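# Inside the fold
These are the residues of each chain, in order.
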Protein chains: 2
Amino acid sequence: MFTGGADGNGHLPRPRRPRRGGHGGGGIGSPPGQGPSTVQPYPAAPPCTDYDMAYFKAYSHIGVHEEMLKDHVRTSTYRNAIMHHQDLISGKVVLDVGCGTGVLSIFCAFAGATRVYAVDASDIAIQAMEIVRENELSDKVVVLHGRIEDVNIEEKVDVIVSEWMGYMLLYESMLGSVIFARDKWLKPGGLILPSHASLYMAPITNSQRYHDSVYFWRDVYGIKMSSMMPLAKQCAFMEPSVETISGENVLTWPTVVSQVDCYTIQAQELETITATFKFTSMLQVLVISGTSKNP
Amino acid sequence: MFTGGADGNGHLPRPRRPRRGGHGGGGIGSPPGQGPSTVQPYPAAPPCTDYDMAYFKAYSHIGVHEEMLKDHVRTSTYRNAIMHHQDLISGKVVLDVGCGTGVLSIFCAFAGATRVYAVDASDIAIQAMEIVRENELSDKVVVLHGRIEDVNIEEKVDVIVSEWMGYMLLYESMLGSVIFARDKWLKPGGLILPSHASLYMAPITNSQRYHDSVYFWRDVYGIKMSSMMPLAKQCAFMEPSVETISGENVLTWPTVVSQVDCYTIQAQELETITATFKFTSMLQVLVISGTSKNP
């Protein structure tokens, strides 16, 4: 059997969490049941698919939330941003799209929000309700267990907060739902956190990984397996890998290949991303030229 | 998004490899196309299911084989066992069931086997053919790309070698295929490596893990989330975890709950495993009794 890759601490990594699913974009249209109105039409709710259900189910698992909360860079950055904008949150109404355990909603309550609507379609919302109660914030934080596309929060909000980012920022991200919420529930001039997002790219190298996974096949317990090397290279370069690397692995300054302005982006813009970019090596190569003299 | 659990070295673990699938047991019956015979009837080949196909596909991935080979305990133990039994392998005919990259087959060739039939239904068998060629063993090692239940190796063998073990030894293991191969291809008195397997159980503890995953919820960035603790405990105790632990985590001497004699086990015995067992704590508890005197 295979052991799944023990690390130096003697315990195996947890299974990789499933990727976050997309929710589809909404079309523009009037919501059902409404008569003529002078308000800007907002998107009709897209249908809830089996894919969506699997996505929500994945997020009901406690381990996913434990990992996200333990991502200190992520969680503390949101906390800092919320506190930094306290003047725009205190006394205001907030909407948390995909609230999970309710952590961002509670940060907003701590920052003085009058009311926070915490929305999540996953069963984790049930836990969020308990957490809100435990922190005696039931008068401020209202947890709604359902899709943002379906819930009725009955008032426009001053602030939308959401941790929506997916792999490579946009792949399978929740941004479509944030756009929906923005168009349906955010007051004109309202605040969105985060307001902008940028996707950077840079070529990298990892000699150690290459050695471990490609050169490894040259000699395996005295058996030559170099015929595996082409396949090993193909897998090494073709498969996506979600990881943290060090600066020394990065070969050039990163370049922005996509920028999202959460105030203006439209769902259709998320369907494809195309960018041209150029990288300039930070390494210098010494070229030695010379002439040979034949006597 | 979630990062999948960065470890202290700054890189994330690889995705967990899919579990090995079962191949189903074979029924007893004559193979098609054969007339009356005096030989012992052997199992008819069970059908190849979609599940089997997915299983084979999973094993075509190079990473799985890299991990198994890098499991030094596993691979070197097989090598040592093969060399230890060199007198029973040298000059003999061997069958490797589920050969993968062909490592065990080549060890047998190094030990002097006259011929080794290396069988694997996964596409990794194509790589195995290249590896055999690279090591100039094409005259000794014959790689057959197909299920052991389907291939015709045309002669009975003296030795069967296989690395068939699954999670908890038997869950989703390949043992059914080894049984099939034994009954169809092994000469009377032939050698099977491994010949026996034992499944041990012991209660364990892991205070650090409990602290990290359960007590963690008491205070999360200043937010009380102890309402998550029951769910956290449930997940911690109910979910299987494949890992390496240290001796200090083990609370009693391990007890054997299942033993397999590969020479005699039948496929039907694998369908359920039932065992009674008793554990005796290695910890001593000091009980202090006393009386209180009230003046």
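Going by what an unreviewed UniProt entry lists, chain A is known as Protein arginine N-methyltransferase domain-containing protein and is assigned to Panicum hallii var. hallii.

### A word on the overall build of chain A
Within chain A, the regular secondary structure consists of nine helices and seven strands. Sorting the 295 residues of chain A into buried and exposed places 43% on the buried side. Expressed as a percentage of contacts within chain A between residues at least 6 apart in sequence, the contacts between residues at least 24 apart total 71%. Accessible area for chain A stands at about 15900 Å²; split by element, carbon and sulfur atoms hold 55% of it.

### Concerning the side chain of Glu-134 of chain B
With respect to the helices, strands and loops of the structure, Glu-134 of chain B is situated in helix α6 (residues 124-134). When near neighbours in sequence (up to four residues on either side) are disregarded, Glu-134 of chain B contacts Lys-224, Met-225, Ser-226 and Ser-227 of chain A.

### Structural notes on the packing of helix α2 (residues 62-70) of chain B against helix α3 (residues 72-84) of chain B
A pair of packed helices can be characterised by two numbers: the angle between their axes and the separation between those axes. Residues and elements named next belong to chain B. Between α2 and α3, the shortest axis-to-axis distance is 5 Å and the interhelical angle comes to 70°. In this view, α2 runs roughly perpendicular relative to α3, as classed from their interaxial angle. Contacts between α2 and α3 pair Met-68, Leu-69 and Lys-70 from the former with His-72, Arg-74 and Thr-75 from the latter. Class assignment for the residues of the contact of α2 with α3 results in two nonpolar, two polar and two charged.

### Considering the sheet that holds strand β3 (residues 141-145) of chain A
All names here are of chain A. Strand order in the open sheet formed by five strands is β3-β2-β1-β4-β5, with parallel pairing between adjacent strands. A strand with exactly one partner marks an edge of an open sheet, and here the two such strands are β3 and β5 (186-193). For this sheet the average axis-to-axis angle between neighbouring strands, irrespective of direction, equals 20°. Direction of pairing for strand β4 (residues 157-161) relative to β5: parallel, over a ladder of four bridges. Bridge pairing in β5 places Ile-160 opposite Ile-192. Strands β1 (93-97), β2 (115-120), β3 and β4 of the sheet are contacted by helix α5 (residues 103-110), whose axis makes an angle of about 175° with β2. Against the sheet, helix α6 (residues 124-134) touches β2 and β3, its axis set at about 165° to β3.

### A look at the state of the cysteines
One covalent bond between the sulfur atoms of two cysteine residues makes up a disulfide. Going through the model one piece at a time under the given rule, you end up with zero disulfides over all chains. As a non-bridged cysteine, Cys-99 of chain A has Cys-108 of chain A as the owner of its nearest cysteine sulfur, 11 Å distant.

### Re the domain arrangement of chain A
Domains assigned within chain A are domain 1 (50-197 + 260-267) and domain 2 (207-249). Inter-centroid distance (C-alpha atoms) of domain 1 of chain A to domain 2 of chain A is 40 Å.

### Looking at the packing of aromatic side chains
Aromatic ring pairs are defined here through the distance separating the ring centres and the angle between the ring planes. Tallying each qualifying case throughout the model produces 10 aromatic pairs over all chains. When the ring of Tyr-221 of chain A is compared with that of Phe-107 of chain B, the centres are 6.3 Å apart and the planes differ by 85°; the resulting orientation is edge-to-face. Linking Tyr-221 of chain A in the loop between α8 (207-213) and α9 (229-238) with Phe-107 of chain B in helix α5 (residues 103-110), this pair reaches from one chain into another. Neither residue differs from the other here; Tyr-221 of chain A and Phe-107 of chain B are each classed as buried. Look at Tyr-210 of chain B and Phe-237 of chain B: their rings are 6.3 Å apart centre to centre, the planes differ by 45°, and that puts the pair in the tilted class. In this pair, Tyr-210 of chain B sits in helix α8 (residues 207-213) while Phe-237 of chain B sits in helix α9 (residues 229-238), placing the two residues 27 residues apart along the sequence. Of the residues examined, Tyr-210 of chain B reaches a relative accessible area of 24% and is grouped as partly exposed. Sitting above the plane of the Phe-216 of chain B ring, Lys-70 of chain A keeps its charged end 4.7 Å from the centroid.

### As for the pairing of strand β4 (residues 157-162) of chain B
Residues and elements named next belong to chain B. Burial analysis of β4 places six of its six residues in the buried class, which makes it a mostly covered element. Two elements, strand β1 (residues 93-97) and β4, share four bridges in a ladder whose sense is parallel. Following the sheet pairing, Leu-95 is matched in β4 by Ile-160. Assessed by its sense of winding, the connection that carries the chain from β4 through helix α7 (residues 175-185) to strand β5 (residues 186-193) is right-handed.

### Remarks on unusual backbone geometry
Cis peptide bonds are those with omega within 30 degrees of zero, and the linkage from Leu-193 of chain A to Pro-194 of chain A qualifies with 0°. Here Pro-194 of chain A shows up in the loop between β5 and β6 (196-201). Positive phi, normally seen in glycine, also occurs at Leu-169 of chain B, with a value near 70°. Take Leu-169 of chain B: it is sitting in the loop between β4 and α7.

### A word on α9 of chain A
Every buried residue of α9 of chain A is listed here: Met-229, Ala-232 and Cys-235 of chain A. Considered in projection along α9 of chain A, the buried side chains sweep an arc of 125° and stay on one side of the axis. Exposed residues on α9 of chain A whose side chains face more than 90 degrees from its buried face are Pro-230, Phe-237 and Met-238 of chain A. In this fold, the buried residues of α9 of chain A make contact with α8 of chain A together with α2 of chain B.

### What to know about the packing of α3 of chain B against α5 of chain B
All names here are of chain B. Two elements in contact, α3 and α5, have axes whose closest approach is 9 Å; the angle formed by their N-to-C orientations is 30°. Here α3 is positioned roughly parallel relative to α5, judged by the angle of their axes. The two elements α3 and α5 meet at a crossing, and its hand is right-handed. Residues Thr-75, Tyr-78, Arg-79, Ile-82 and Met-83 of α3 pack against Val-103, Leu-104, Phe-107, Cys-108 and Phe-110 of α5. When its residues are assigned to classes, the contact of α3 with α5 shows eight nonpolar, one polar and one charged.

### What about the UniProt feature "domain: Protein arginine N-methyltransferase" (unreviewed entry) in chain A?
Mapped onto this numbering, the UniProt entry annotates "domain: Protein arginine N-methyltransferase" (unreviewed entry) at residues 196-280 of chain A. Helix makes up 20% of residues 196-280 of chain A and strand 15%. Its end C-alpha atoms lie 26 Å apart.

### A short note on a nonpolar patch on the surface
All names here are of chain A. Side chains of Met-168, Tyr-171, Met-201 and Phe-277 sit close together on the surface and give an oily, nonpolar patch of about 410 Å² of accessible area. Along the polypeptide, Met-201 turns up in strand β6. Residue Met-201 is classed as partly exposed on the basis of its relative accessible area, which comes to 30%.

Calculation rules
Residues numbered from 1 in each chain as written. Chains lettered and ligands numbered in written order. Predicted model: local features only at pLDDT ≥ 70, side-chain atom pairs only at ≥ 80, totals over all residues. Heavy atoms only, no water. Helix = DSSP H or I, 4+ residues; strand = E, 2+ residues; numbered from the N terminus. Buried < 20%, exposed > 50% of the residue type's maximum accessible area, 1.4 Å probe, protein only. Contact = heavy atoms within 4.5 Å. Areas by Shrake-Rupley, 256 points an atom, 1.4 Å probe, with all protein chains shown as cover. Axes fitted to C-alpha atoms, helices over the stretch in contact; angles between N-to-C directions. Parallel < 35°, antiparallel > 145°, perpendicular 65-115°, else oblique. Nonpolar A, V, L, I, M, F, W, Y, C, P; charged D, E, K, R; others polar. Pairing = 2+ DSSP bridges. Disulfide = S-S within 2.5 Å. Domains from an automatic or database assignment. Phe/Tyr/Trp six-rings, centres within 6.5 Å; stacked < 30°, edge-to-face > 60°. Lys NZ or Arg CZ within 6 Å of the ring centre and 35° of its normal. Right-handed = clockwise from strand over helix to strand, strands pointing away. Arc of directions from axis to C-beta. Left-handed = near helix turned anticlockwise from the far one by under 90°. UniProt positions renumbered as here; feature names shortened; annotations may be inferred. Patch = residues over 30% accessible without salt bridge, like charges linked within 9 Å, V, L, I, M, F, W, Y side chains within 5 Å. Salt bridge = Lys/Arg side-chain N within 4 Å of Asp/Glu carboxyl O.

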